[in-house]
Amino acid sequence: MAACALTVLAALLCGCGADLESRETLYQVSTLKALAEGVRDGETPVRELLRRGDFGIGTFNGMDGEMVLVEDRCYQVRADGTVAVAEGDRQTPFAAVTFFEARRLSVLKEDSDLAALGKRLDALLAGPNLPHAVCVSGDFSYLKLRSVARQRKPYPPMAEVIRTQSVYELKDARGILVGFYMPQYLEGVNLPGYHFHFLSEDRRRGGHVLACRGKDLLLALAPIPRLHLALPKEGEFLKADLRVRDGAELQKAMQDPAPEIQKR
Ligand SMILES: [Zn+2]
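Rules behind the numbers
- Residues numbered from 1 in each chain as written.
- Predicted model: local features only at pLDDT ≥ 70, side-chain atom pairs only at ≥ 80, totals over all residues.
- Heavy atoms only, no water.
- Buried < 20%, exposed > 50% of the residue type's maximum accessible area, 1.4 Å probe, protein only.
- Helix = DSSP H or I, 4+ residues; strand = E, 2+ residues; numbered from the N terminus.
- Arc of directions from axis to C-beta.
- Polar contact = N/O pair within 3.5 Å; in protein donor to acceptor, adjacent residues only side chain to side chain.
- Donors = N, O, S within 2.8 Å, 3.2 Å for Na, K, Ca; no water.
- Contact = heavy atoms within 4.5 Å.
- Core = buried A, V, L, I, M, F, W, Y, C linked by side-chain atoms within 4.5 Å.
- Salt bridge = Lys/Arg side-chain N within 4 Å of Asp/Glu carboxyl O.
- Phe/Tyr/Trp six-rings, centres within 6.5 Å; stacked < 30°, edge-to-face > 60°.
- 1 Å grid on protein atoms, 1.4 Å probe; cavity = no way out; pocket = protein on both sides within 12 Å on 5 of 7 lines; lining within 4 Å.
- Points joined across faces, edges and corners; volume = space filled by probe spheres on them.
- Nonpolar A, V, L, I, M, F, W, Y, C, P; charged D, E, K, R; others polar.
- Pairing = 2+ DSSP bridges.

**Describing helix H4 (residues 114-124)**
Side chains three or four residues apart in an α-helix point the same way, a direct result of the helix having 3.6 residues per turn. Along H4, the residues that are buried comprise Leu 117, Gly 118, Leu 121 and Leu 124. Seen end-on, H4 carries its buried residues on one side only, within an arc spanning 115°. Those residues of H4 that are exposed and angled more than 90 degrees off the buried face are Ala 115, Lys 119 and Ala 123. N-capping of H4 is provided by Asp 113, with a side-chain oxygen placed 3.2 Å from the backbone N of Ala 115.

**Structural notes on the coordination of the zinc ion**
Reference values for coordination geometry: four tetrahedral donors around a metal ideally subtend 109.5 degrees, six octahedral donors ideally subtend 90 or 180 degrees. Listed as protein donors to the zinc ion are His 195 (NE2), His 197 (NE2) and His 208 (ND1); their distances from the metal cover 2.1 Å. Given the relative accessible area of 7%, His 195 is considered buried. A relative accessible area of 1% places His 208 in the buried class.

**What about the environment of Asn 129?**
Residue placement: Asn 129 occurs in the loop between H4 and strand S11 (132-147). Separated by 55 residues in sequence, Asn 129 and Gln 184 place their C-alpha atoms 7.8 Å apart. Setting aside residues no more than four positions away along its own chain, Asn 129 makes contact with Pro 183 and Tyr 185.

**Looking at the nonpolar core**
Grouped together as the largest cluster of nonpolar side chains are 44 residues, with contacts concentrated most on Leu 117, Val 136, Leu 143, Leu 177, Phe 180 and Phe 198. Here this core gets nine residues from one element, more than from any other, and that element is strand S12 (residues 166-182). Once residues within four sequence positions are removed from consideration, Leu 143 is found in contact with Tyr 168, Glu 169, Leu 170, Ala 173, Leu 177, Phe 198, Ala 211 and Cys 212. Leu 35, Ala 36, Val 148 and Leu 191 belong to the second-largest nonpolar core, a separate cluster that totals 13 residues.

**Topic: the pattern of salt bridges**
In total, this model carries 20 salt bridges according to the counting rule given. As a salt-bridge pair, Lys 153 and Asp 41 come within 3.7 Å of each other at their nearest N and O atoms. Of the two residues, Lys 153 is situated in the loop between S11 and helix H5 (158-163) and Asp 41 in the loop between helix H2 (32-36) and strand S2 (44-45); the sequence distance between them amounts to 112 residues. Here Lys 153 falls in the exposed class, since its relative accessible area comes to 53%. Glu 101 is the salt-bridge partner of Arg 103, the closest N and O atoms lying 3.6 Å from each other. A relative accessible area of 8% means that Glu 101 is categorised as buried. One network of salt bridges, in which partners are shared, links Arg 23, Glu 24, Glu 101 and Arg 103.

**Considerations on the packing of aromatic side chains**
Following the criterion strictly, the structure yields five aromatic pairs and no others. Between the aromatic rings of Phe 55 and Phe 100, the centroid separation amounts to 4.5 Å while the plane-to-plane angle is 35°, which identifies the pairing as tilted. In this pair, Phe 55 sits in strand S3 (residues 55-59) while Phe 100 sits in the loop between strand S8 (95-98) and strand S9 (104-108), placing the two residues 45 residues apart along the sequence. With a relative accessible area of 3%, Phe 100 lands in the buried category. Geometrically, the ring pair formed by Tyr 181 and Tyr 194 is tilted, given 5.2 Å between the ring centres and 50° between the ring planes.

**What about empty space enclosed by the protein?**
Inspection of every chain in the model, using the stated rule, returns three cavities of 30 Å³ or more. Approximately 110 Å³ is the volume attributed to the largest cavity. If you list the elements that add at least two residues to the lining of the largest cavity, you get H2, S3 and strand S13 (193-200). Tallied by class, residues from the lining of the largest cavity come to seven nonpolar, six polar and two charged. Within this model, the second largest cavity holds a volume of roughly 60 Å³. Taken together, Glu 24, Thr 98, Phe 99, Glu 101, Arg 103, Ala 133, Ala 222, Pro 223 and Ile 224 form the lining of the second largest cavity. The residue inventory of the lining of the second largest cavity, partitioned by class, reads five nonpolar, one polar and three charged.

**Let's talk about the pairing of S13**
Summarising burial for S13: six of the eight residues are buried, a large majority. Strand direction decides the pairing type here: S12 and S13, joined by eight bridges, are antiparallel. For Phe 180, the partnering residue across the bridge sits in S13 and is His 195. Note that S13 and strand S14 (residues 206-214) share three bridges and pair antiparallel. Counterpart to Leu 199 in the pairing with S14 is Gly 206. Connecting the antiparallel pair S13 and S14 is a turn made up of five residues, with Arg 203 showing a positive phi of about 60°.

Here you go:
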């Protein structure tokens with residue numbers, strides 16, 4: 001069992017010190033559709049995210065890599081898959097965090113890929129209409145991850161960002177998947193279904209998860225009945241077209257672009 005899993009369990013027991021209002025609340029900066037539409041500079045600093053949660057994912061201004069927030073640290077996964085601690089004054093255009101308190105625990109014994117993991121998690125959800133924080137920890141025999149390099153203004157369309165994303169693989173990596181399940185009705189606000197970022201136990205490797213395989217994984221879930229949506233009060237967010245015309249477009253940007261090259 002990964003050390004981070006023990007931390008998660010400890011958090012379950014101690015309630016992580018979050019005040020009542022912060023517990024069972026998803027604090028989200030902006031919306032995923034806004035990020036896709038080029039609203040990629042936000043004003044919320046990492047230190048604010050750390051005040052709002054100890055578990056979460058997102059990105060940094062200019063989409064400068066993938067964000068993983070675990071315990072009291074926020075990590076930036078650079079385009080090459082290496083990890084750096086993000087300082088408190090770094091800013092985010094899109095992130096979602098919560099204080100993780102595991103309510104549902106299970107072990108996935110069978111050797112499973114991302115689809116099989118999703119199926120098992122589905123069965124553990126309190127119900128499909130509540131967002132959940134989801135933590136999966138253990139030894140992964142295979143991971144296919146991606147990160148993106150910082151973009152410059154004018155920001156390119158999401159499809160182009162995905163075309164130039166860096167995709168890399170890890171074998172036999174111990175670590176944690178940090179992420180969320182979001183209900184379909186939140187499409188555009190966030191990504192419906194599961195969205196994970198990986199962080200290795202030594203906190204040196206990570207990325208947005210495109211594919212994975214592992215067994216004896218510890219699954220921990222926490223239903224989240226409250227949403228705190230922090231929307232930008234000025235700037236490009238105000239005039240961006242945030243209507244979701246084609247939900248598949250957002251899904252495509254977050255999924256494996258070439259599943260046929262998946263190993264095993
Ligand atoms: Zn991601």
